[in-house]
Amino acid sequence: MRDVDGDKRPEIFGLSSASGNYRRNVQYTDSSAWFMVFNDHLDFKFKPVEFSGFANSVETKSYKSFNNYGFILSLWAGGTDTTVMDSHILIYDTEGNLLRSRLTSEYGFKSVIRPVVIENANSDRIYLLGDKILEISDNLHVINKTDLPFDSRYFSYLYDLNYDGVVEIILHFYDEDRIIIYNTALQEIINTEINISSERWTFCKYTSSDNRVKTYLEAASSGLFISLEKNRDYYLMYLSFPGIYFLFYLFILLIKRFNTFQVVEKESLKQRLASLQLQGIKSQLDPHFTFNTLNSIASLIYLEDRQAAYDYMNKFTQLLRVMLNDAERLYRSLGEEIEFVNTYLELEKLRFGEKFNYYIDIKEGVTQKEQVPKLVLQTFAENAIKHGLMPCSEGGILKITVLRENDYLKLSVEDNGIGREKASGRSTSTGKGLKLTSEFYEILNQMNSRAISLHFTDLHNDKGETAGTRVDVMVPVDPLIKK
């Protein structure tokens, strides 16, 4: 009941699909649905509107729109009768005139639609409830919409849960045992589990002893209290957003600074490596070594041993070519390094003759394709000859051993010379070569995730006397260079 014509007398409007009934000379025939409005004397306000066909249903609600009254009808044509009109949403005025209509298919509904009207001071709000919720105007245009989280049946209720003068839309999804509550703007404000099997709910207001207002929900033998209150901290969230954005910006800035620092550090390491490489080339091209080698070759030419002179000159040029070609390389294969140090040792043998001999022992399991730092063998072989073997009168032996230990190559350069202690007292060398090598490996270790390590061991004979030095270099088979 509602006053729909402004005469301060409520009208009764309703539907009927009964058969064989008569009311005020209006017959409701089989398979028809009727839309009727009565006044307070139970007289028709206008001629009943028939929706013929089998089987169909009509649900209607009255509404007020800026002091204009009308009715919204949802016609659901769910049968196989082709004479019935398609499912529509219709607007009638208070005189029973059809003002507007629209196919429900245009709204995208797949289920029966229930119209819901929420009263408002100036203009009521009209909603269509189906497999989604639409708010529409009395012109049947969509104002707002929301999709429902479940594609299953539900029961809908309207009640002002927080008693602020505006009702909420309450949906009970029976199969999922969940209750979802929307405000009139179709914003979801509650989505929670509820275990009530009844389909009929009643609501009533309850005030607790501490004057808190709640809603008591009763359904069959079940009951519960619902308290819907405003979140007093809601607006504090808006203050937290700038803080979150600031922290996020600060986090991004720190990451950017850190990445920049890493790039600068990496470039600095590259520049230092380039400098060490240049200094390494200079140390390899030691004038003493070069002049002595050329003098030895010249001696062979003087002695008319042209073939030997040619062979050694070829080895010397090969050595120079490799040093220049590999100037920018940090690593090379073990096979290339062994070939390089073998060429170097042959040239040194040319100078010193039988004063020392050398041996290179490659153990089983070493493929010689492993990557090793450039000059890893030559540097220590040169140091052993210069400081360990040359001070000896004769019988010097230099032994190079390569073996595999788990994921590392163990490169050993061993001599039976005078030892490091005596060599440090006799030599005028500054040890610059070893310092460059140590710094070179230190920088490589900063760039790699697995480190290269050096170990120096003083060897002794049976009498406990110093009998040489061994250098062990542990090189990871896969250095896993950091990006």
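If you're wondering where the values come from, they're calculated on a predicted model, not measured in any experiment.

Trainee: Explain the overall build of the protein to me, please; I cannot follow it from the model alone.
Mentor: A count of helices and strands for the protein gives seven helices and 27 strands. When the 483 residues of the protein are sorted by exposure, 40% land in the buried category.

Trainee: Any chance you could explain the sheet that holds strand E14 (residues 154-159) here in plain terms?
Mentor: Sheet strands pair via backbone hydrogen bonds, and the direction of the pair is either parallel or antiparallel. With antiparallel pairing, the four strands of this open sheet are ordered in space as E14-E15-E16-E17. Single-partner strands in this sheet number two, and they are E14 and strand E17 (188-193). Ignoring strand direction, the axes of neighbouring strands in this sheet form an average angle of 15 degrees. Looking at chain direction, E14 and strand E15 (residues 168-173) are connected through six bridges and run antiparallel. Paired with Tyr 157 across the two strands is Ile 170, which belongs to E15.

Trainee: It is not clear to me how unusual backbone geometry should be interpreted in this structure. Could you clarify?
Mentor: Most peptide bonds take the trans form, and the phi angle of most residues other than glycine is negative. Its identity as a non-glycine residue notwithstanding, Tyr 163 has a phi of 55 degrees, on the positive side. Tracing the sequence through the fold places Tyr 163 in the loop between E14 and E15. One non-glycine residue, Asn 211, lies in positive phi territory at about 65 degrees. Within the element layout of this structure, Asn 211 appears in the loop between strand E18 (202-207) and strand E19 (213-219).

Trainee: I would appreciate a short explanation of the packing of aromatic side chains in the present structure.
Mentor: Each aromatic ring pair is summarised here by two numbers: the centre-to-centre distance and the angle between the ring planes. Counted by the stated rule, this structure contains 17 aromatic pairs. On the basis of an interplanar angle of 85 degrees and a centroid distance of 6.0 Å, the ring pair of Tyr 159 and Tyr 163 is categorised as edge-to-face. With a relative accessible area of 18%, Tyr 159 lands in the buried category. Aromatic rings pair up to connect Tyr 157, Tyr 159, Tyr 163, Trp 201 and Phe 203 into one cluster. Stacked on the ring of Tyr 107, the Lys or Arg Arg 102 has its end atom at 4.4 Å from the ring centre. A cation sits over an aromatic face here: Arg 332 above Phe 340, 4.6 Å from the ring centre.

Trainee: Whenever I open this one, the side chain of Thr 60 confuses me. Can you help?
Mentor: Relative to the helices and strands, Thr 60 is located in strand E6 (residues 56-65). A polar contact is formed between the side chain of Thr 60 and the backbone oxygen of Ile 72, at a distance of 3.2 Å.

Trainee: Just to check I follow, could you spell out the packing of helix H3 (residues 306-325) against helix H4 (residues 334-352) for this structure?
Mentor: Helix-helix packing is characterised by the crossing angle of the two axes and by the distance between the axes. Viewed as axis vectors pointing N to C, H3 and H4 meet at an angle of 140 degrees, and their least axial separation amounts to 10 Å. In terms of their interaxial angle, H3 and H4 are classed as oblique. The handedness of the crossing between H3 and H4 is left-handed. Packed against H3, whose contacting residues are Tyr 312, Lys 315, Phe 316, Gln 318, Leu 319, Val 322 and Met 323, the element H4 presents Glu 339, Phe 340, Thr 343, Tyr 344, Glu 346, Leu 347 and Leu 350 at the interface. Taken together, the residues that form the contact of H3 with H4 break down as nine nonpolar, two polar and three charged.

Trainee: Teacher, can you tell me more about the side chain of Thr 104 here?
Mentor: As for its placement among the helices and strands, Thr 104 is situated in the loop between strand E9 (98-103) and strand E10 (114-118). In contact with Thr 104, other than residues within four places in its own chain, are Ser 87, His 88, Ile 89, Phe 109 and Ile 113.

Trainee: I tried to follow the nonpolar core on my own but got confused; where do I start?
Mentor: Generally speaking, nonpolar side chains in soluble globular proteins are found buried as a group. In terms of nonpolar packing, the biggest core is built from 41 residues, with Leu 334, Leu 345, Leu 377, Ile 385, Leu 398, Leu 411 and Val 473 touching the most fellow members. Secondary structure elements with two or more residues in this core: helix H2 (287-302), H3, H4, helix H5 (378-389), strand E24 (396-405), strand E25 (408-415), helix H7 (432-447) and strand E27 (466-476). Broken down by element, this core gets its largest block of residues, eight residues, from H4. Residues Tyr 159, Leu 161, Ile 190 and Ile 194 belong to the second largest nonpolar core, which totals 16 residues.

Trainee: Looking at this structure, I do not really get the sheet that holds E24. What am I missing?
Mentor: Strand order in the open sheet formed by five strands is E22-E24-E25-E27-E26, with mixed pairing between adjacent strands. Whereas interior strands pair on both sides, the edge strands pair on one side only; in this sheet they are strand E22 (356-362) and strand E26 (453-460). Between one strand axis and the next, the sheet turns by 15 degrees as a mean value, whatever way the strands run. Direction of pairing for E25 relative to E27: antiparallel, over a ladder of eight bridges. Within E27, the position partnered with Glu 414 by the bridge is Arg 470.

Trainee: Sorry, what's going on with H5 here?
Mentor: Two residues of an α-helix separated by three or four positions point the same way, owing to the 3.6 residues in each turn. Burial runs high along H5: 10 of the 12 residues are buried. Listed in full, the buried residues belonging to H5 are Gln 378, Thr 379, Phe 380, Ala 381, Glu 382, Ala 384, Ile 385, His 387, Gly 388 and Leu 389.

Trainee: Can you walk me through the confidence of the model for the protein in this structure?
Mentor: Should pLDDT be low for a region, the predicted coordinates there are not to be read in detail. Predicted confidence across the protein gives a mean pLDDT of 80, with 81% of residues reaching 70 or more. For the stretch residues 16-30, pLDDT sits under 50, and the model shows 34 contacts to residues farther than four places along the chain or on other chains.

Trainee: What is the right way to read H4 from this model?
Mentor: The first and last C-alpha atoms of H4 sit 26 Å apart over 19 residues, in line with the 27 Å expected at 1.5 Å per residue. When we look at burial in H4, the residues that qualify are Leu 334, Glu 337, Ile 338, Phe 340, Val 341, Thr 343, Tyr 344, Leu 345, Leu 347, Glu 348, Lys 349 and Leu 350. Backbone geometry just downstream of H4 places Gly 353 in the positive-phi region, at approximately 60 degrees.

Trainee: Help me understand the pairing of E18, please; the structure alone is not making it clear to me.
Mentor: Note on strand geometry: in a regular strand, side chains alternate between the two faces of the sheet. As paired strands, E18 and E19 are joined by six bridges and run antiparallel to one another. Paired with Thr 202 across the strands is Glu 218, a residue of E19. From the end of E18 to the start of E19, which pair antiparallel, there are five residues, and Asn 211 there has a positive phi angle of about 65 degrees.

Trainee: What should I look at first to understand a nonpolar patch on the surface in this one?
Mentor: Among the surface-exposed residues, Phe 246, Leu 247, Leu 250 and Leu 254 lie close enough to one another that they form a single nonpolar patch of about 410 Å² accessible area. Note on Leu 250: relative accessible area 33%, which makes it partly exposed.

What counts and what doesn't
Residues numbered from 1 in each chain as written. Predicted model: local features only at pLDDT ≥ 70, side-chain atom pairs only at ≥ 80, totals over all residues. Heavy atoms only, no water. Helix = DSSP H or I, 4+ residues; strand = E, 2+ residues; numbered from the N terminus. Buried < 20%, exposed > 50% of the residue type's maximum accessible area, 1.4 Å probe, protein only. Pairing = 2+ DSSP bridges. Axes fitted to C-alpha atoms, helices over the stretch in contact; angles between N-to-C directions. Phe/Tyr/Trp six-rings, centres within 6.5 Å; stacked < 30°, edge-to-face > 60°. Lys NZ or Arg CZ within 6 Å of the ring centre and 35° of its normal. Polar contact = N/O pair within 3.5 Å; in protein donor to acceptor, adjacent residues only side chain to side chain. Parallel < 35°, antiparallel > 145°, perpendicular 65-115°, else oblique. Left-handed = near helix turned anticlockwise from the far one by under 90°. Contact = heavy atoms within 4.5 Å. Nonpolar A, V, L, I, M, F, W, Y, C, P; charged D, E, K, R; others polar. Core = buried A, V, L, I, M, F, W, Y, C linked by side-chain atoms within 4.5 Å. pLDDT = per-residue confidence, 0-100. Expected span 1.5 Å × (residues − 1). Patch = residues over 30% accessible without salt bridge, like charges linked within 9 Å, V, L, I, M, F, W, Y side chains within 5 Å. Areas by Shrake-Rupley, 256 points an atom, 1.4 Å probe, with all protein chains shown as cover. Salt bridge = Lys/Arg side-chain N within 4 Å of Asp/Glu carboxyl O.

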